[in-house]
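Single-letter residue listing:
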Amino acid sequence: MPIDDIHPSYHSPESRETLQTLLQDITAWEKSQKDLWFWEKIGRLPFQLLDRLTPQSIQKKLGEAMDEVGSYVQTGGQYLVSEQGVLTRLSQEADALGGACLPDEPLTLAHVRSGLPLAVMDKAARQLAQSRIAFATAQGATTGFGGLFTLAIDIPAILGLSLKTIQEIAMTYGYDPKEKAERVFVIKCLQFASADIVGKKAVLEELADFGNDQRQRETLSQLQGWREVVAAYRDNFGWKKLFQLVPIAGMLFGAVLNRGTLQDVAEAATMLYRKRRILERLELLERLTD
């Protein structure tokens, strides 16, 4: 919701002091993301091996799956999720807090943006993330059973699940992935979750003023095609999949590593969308008091 469209009688569910305290927590989290792991330096090695050992037919199938995911940036494709389930979850969490913040009519994303407390958004985001993480764990165990060959299936599957998770979290904070600019933000959350220290810093800088139309256009132009994004995502979390190449034993590794991957994605999305909502509410309070 554009700030200029806010009604003059708008009242933030949180005080300025509360919002500033919450923002400090997110700033501390951002700083904690800048630790460089040794493993990130060898992130490409498993997939160099994978490219050499995987038959061309499987490589082709993997490439086609990634191309299919690529349609998300332009149209959302099959990865664009429905908002109704998210709105239902938000309504349930708001009811649990007394329901005073709910409108008389059915809940919409517009009301989520302006009327729901952050506490409701945070709880709904946690619940949705936990559900997706559990699903990813089961999926990793299933695809890990076959080792090398089912790994080619697991990568696009976990990408798709990651996209859906980020979109659901986006909607809990009142952002609509049906808008192309918001789908770009989804991709940036995905990149942040899998990036090394240099990549995380670059993404944070790009998202620092994402609400600015010029910044959004610059970010979109920097994507340079979905295939590059997918390749970077695949390579950067590739080392985690190394042990999943072992048949049978890969079930355990696949379950644990897919769980970790979705946890990283959900955490990054929650923090980045939460930060946007806090900053927008602070800006509204500033403008209404001028």
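Residues numbered from 1 in each chain as written. Predicted model: local features only at pLDDT ≥ 70, side-chain atom pairs only at ≥ 80, totals over all residues. Heavy atoms only, no water.

A. Quick peek at the nonpolar core. Ranked by size, the top nonpolar core spans 57 residues in total, and within it Leu90, Leu116 and Tyr273 carry the most contacts. When residues in this core are grouped by element, the largest group, ten residues, is from helix α12 (residues 250-289). Ignoring any residue separated from it by four or fewer positions in sequence, one finds tyrosine 273 in contact with Ile166, Ile169, Ala170, Tyr173, Tyr175, Glu182, Phe185, Val186 and Cys189. Core analysis: the second largest hydrophobic core is formed by five residues, Ile133, Ala136, Ile158 and Leu161 among them. (Core = buried A, V, L, I, M, F, W, Y, C linked by side-chain atoms within 4.5 Å. Buried < 20%, exposed > 50% of the residue type's maximum accessible area, 1.4 Å probe, protein only. Helix = DSSP H or I, 4+ residues; strand = E, 2+ residues; numbered from the N terminus. Contact = heavy atoms within 4.5 Å.)

B. Geometry of the packing of helix α8 (residues 180-194) against helix α9 (residues 197-207). One way to put it is that α8 packs onto α9 with a least axis distance of 9 Å and a crossing angle of 155 degrees. By the angle between their directions, the pair α8 and α9 is classed as roughly antiparallel. Considering how the two elements wind past one another, α8 and α9 form a crossing that is left-handed. Residues Phe185, Lys188, Gln191, Phe192 and Ala193 of α8 touch α9, and the partners they reach there are Lys200, Val203, Leu204, Glu206 and Leu207. (Axes fitted to C-alpha atoms, helices over the stretch in contact; angles between N-to-C directions. Parallel < 35°, antiparallel > 145°, perpendicular 65-115°, else oblique. Left-handed = near helix turned anticlockwise from the far one by under 90°.)

C. Representation of helix α1 (residues 16-32) in the model. Between its first and last C-alpha, α1 extends 25 Å over 17 residues, near the 24 Å set by a 1.5 Å rise per residue. Restricting attention to buried positions, one finds in α1 the residues Leu19, Leu22, Leu23, Ile26, Trp29 and Glu30. Around the axis of α1, the buried residues are gathered within 110 degrees of arc, so they sit on the same side. Of the residues in α1, the exposed ones pointing more than 90 degrees away from the buried face are Glu17, Gln24 and Lys31. (Expected span 1.5 Å × (residues − 1). Arc of directions from axis to C-beta.)

D. Layout of the packing of aromatic side chains. Applying the stated criterion across every chain, the model contains three aromatic pairs. With a centroid separation of 5.6 Å and an interplanar angle of 35 degrees, the aromatic rings of tyrosine 175 and tyrosine 273 are classed as tilted. Taken together, the residues tyrosine 175 in the loop between α7 (148-172) and α8 and tyrosine 273 in helix α12 connect sequence positions 98 residues apart. With relative accessibility at 4%, the residue tyrosine 175 sits in the buried group. Considering the side-chain rings of phenylalanine 185 and tyrosine 273, the 4.7 Å spacing of their centres and the 50 degrees angle between planes classify their relative orientation as tilted. Of this pair, phenylalanine 185 sits in helix α8 while tyrosine 273 sits in helix α12, and the two are 88 residues apart along the sequence. Like tyrosine 273, phenylalanine 185 is buried. Chaining the aromatic ring pairs together yields one cluster made of Tyr175, Phe185 and Tyr273. Residue placement shows lysine 200 over the ring face of phenylalanine 192; its charged tip is 4.4 Å from the ring centre. Over the face of the ring belonging to tyrosine 175 we find arginine 276, whose NZ or CZ atom lies 4.0 Å from the ring centre. (Phe/Tyr/Trp six-rings, centres within 6.5 Å; stacked < 30°, edge-to-face > 60°. Lys NZ or Arg CZ within 6 Å of the ring centre and 35° of its normal.)

The values are spatial; any link to function lies outside them.
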